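# Tertiary structure, described
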Amino acid sequence: MSDSAQLKLLLTGVPGCGKTTVMTRLAKLLSDKRLAGFFTEEILNSDQRTGFQAKTFRGEEALLSSIHHKSWVSVGRYGVDVRSFETLVLPELEMDPNTVDLFLIDEIGKMECVCPGFVESMQRVLELNVPLIATVSQQGKGFVRDIKNRPDVEIITVTTDNREGLPQKLLDRVTL
């Protein structure tokens with residue numbers, strides 16, 4: 001593989017700037033590649049956000065969090081369904097690196113990082129010789145801060161001005 005195997009890009013920006021949209025559009029542009037990872041979507045009820053679900057790029061999905069989920073761990077008003085989330089995403093993150101062209105992870109944030117298996121698997125992915133593009137919270141402590149401070153990552157800020165052209169620019173950076 002080319003130098004893109006070393007590529008580790010982290011997309012960040014304010015909530016609502018379009019990070020997930022950039023990732024899902026990039027995934028469509030890379031639909032002929034072997035992608036591993038997931039993206040998150042809001043769960044809406046009468047236009048009110050009641051939680052988040054995680055989806056793989058193959059269409060599998062699981063609850064990440066909900067205001068209705070009772071959990072031993074919560075982020076804000078959301079109970080995080082650690083078991084459901086990890087059951088979905090850990091197989092994605094633990095795939096044989098020889099069977100993956102690119103890891104796409106949306107997102108590395110507070111809810112995801114309260115899941116110990118997710119953090120452990122992400123640490124492994126960061127050490128692999130496989131390109132990675134992930135979204136990451138703009139603010140964050142612990143693991144979020146640590147990965148943003150790694151010398152081998154490049155941070156790109158998503159804005160309303162650059163989000164439309166960003167999927168193609170990212171595609172151009174990843175030569176698989």
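Residues numbered from 1 in each chain as written. Predicted model: local features only at pLDDT ≥ 70, side-chain atom pairs only at ≥ 80, totals over all residues. Heavy atoms only, no water.

Another aspect to go through is the overall build of the protein. Tallying secondary structure elements over the protein gives six helices and nine strands in all. For a compact globule of 176 residues, the expected C-alpha radius of gyration is about 16 Å, and the protein comes in at 15 Å, within 12% of that figure. Projected onto its principal axes, the C-alpha positions of the protein cover 45 × 35 × 30 Å. Expressed as a percentage of contacts within the protein between residues at least 6 apart in sequence, the contacts between residues at least 24 apart total 66%. (Helix = DSSP H or I, 4+ residues; strand = E, 2+ residues; numbered from the N terminus. Rg over C-alpha atoms; globule rule 2.2 N^0.38 Å. Contact = heavy atoms within 4.5 Å.)

Turning next to the nonpolar core. One finds Ile105, Ile108, Phe118 and Met122 to be the most contacted residues of the largest nonpolar core, which totals 37 residues. No other element matches helix α2 (residues 82-93), which puts six residues into this core. Leave out the neighbours within four places in its chain, and Phe118 touches Phe38, Phe85, Glu86, Val89, Leu90, Leu93, Ile105, Glu107, Ile108, Glu112 and Cys113. (Core = buried A, V, L, I, M, F, W, Y, C linked by side-chain atoms within 4.5 Å. Buried < 20%, exposed > 50% of the residue type's maximum accessible area, 1.4 Å probe, protein only.)

With that settled, the discussion passes to α2. In this model, α2 (12 residues) spans 15 Å end to end at C-alpha, consistent with the 16 Å of a helix rising 1.5 Å per residue. Within the span of α2, buried status applies to Val82, Phe85, Glu86, Leu88, Val89, Leu90, Glu92 and Leu93. (Expected span 1.5 Å × (residues − 1).)

Of the pockets and cavities examined, the largest pocket occupies roughly 720 Å³. Lining of the largest pocket is provided by 26 residues; of these, Pro15, Lys19, Arg49, Phe52 and Glu107 occupy positions nearest its centre. Of all the elements in the fold, those that place two or more residues in the lining of the largest pocket are α1 (19-29), β2 (35-45), β3 (48-56), β7 (102-108) and α3 (110-113). The residue inventory of the lining of the largest pocket, partitioned by class, reads eight nonpolar, 10 polar and eight charged. (1 Å grid on protein atoms, 1.4 Å probe; cavity = no way out; pocket = protein on both sides within 12 Å on 5 of 7 lines; lining within 4 Å. Points joined across faces, edges and corners; volume = space filled by probe spheres on them. Nonpolar A, V, L, I, M, F, W, Y, C, P; charged D, E, K, R; others polar.)

Looking at the element boundaries, Gly117 is found in helix α4 (residues 116-127). Considering only alpha carbons, one finds Gly117 and Glu86, 31 residues apart in sequence, at a separation of 6.7 Å. Leaving out residues up to four positions away in the same chain, Gly117 has contacts with Glu86 and Leu90.

This part takes up the pattern of salt bridges. For the coordinates displayed, the defined rule picks out 10 salt bridges. Between Asp101 and Arg34 there is a salt bridge whose closest N-O contact spans 3.0 Å. Residue Asp101 is found in the loop between α2 and β7, and its partner Arg34 is found in the loop between α1 and β2; the two are separated by 67 residues along the sequence. Taking the relative accessible area as the measure of exposure, Arg34 reaches 41% and is therefore partly exposed. One salt bridge in this structure joins Asp152 and Arg150, with 2.8 Å as the shortest N-O distance. Linked through salt bridges whose partners overlap, the residues forming this network are Glu41, Lys55 and Glu61. (Salt bridge = Lys/Arg side-chain N within 4 Å of Asp/Glu carboxyl O.)

Turning next to the sheet that holds strand β1 (residues 8-12). Reading across the sheet, the nine strands line up as β5-β6-β4-β3-β2-β7-β8-β1-β9 and stay open at both edges, with mixed pairing between neighbours. Lying at the two open borders of the sheet, with one neighbouring strand each, are β5 (74-75) and β9 (154-157). Examined bridge by bridge, β2 and β3 share eight bridges and lie antiparallel to one another. What sits directly across from Leu44, in β3, is Arg49. Against the sheet, α2 engages β2, β3, β4 (61-66), β6 (78-80) and β7, with an angle of about 135 degrees to β4. (Pairing = 2+ DSSP bridges. Axes fitted to C-alpha atoms, helices over the stretch in contact; angles between N-to-C directions.)

This brings us to unusual backbone geometry. With an omega of 25 degrees, the peptide bond running from Asp106 to Glu107 counts as cis. Looking at the secondary structure, you find Glu107 in strand β7. Phi at Ser46 is positive, roughly 55 degrees, even though this residue is not glycine. For Ser46, a relative accessible area of 65% puts it in the exposed group. Non-glycine residue Asp47 carries a positive phi angle of around 65 degrees. Mapped onto the elements of the fold, Asp47 is located in the loop between β2 and β3. A residue is classified by how much of its surface remains accessible, and Asp47, at 74% relative accessible area, is exposed.

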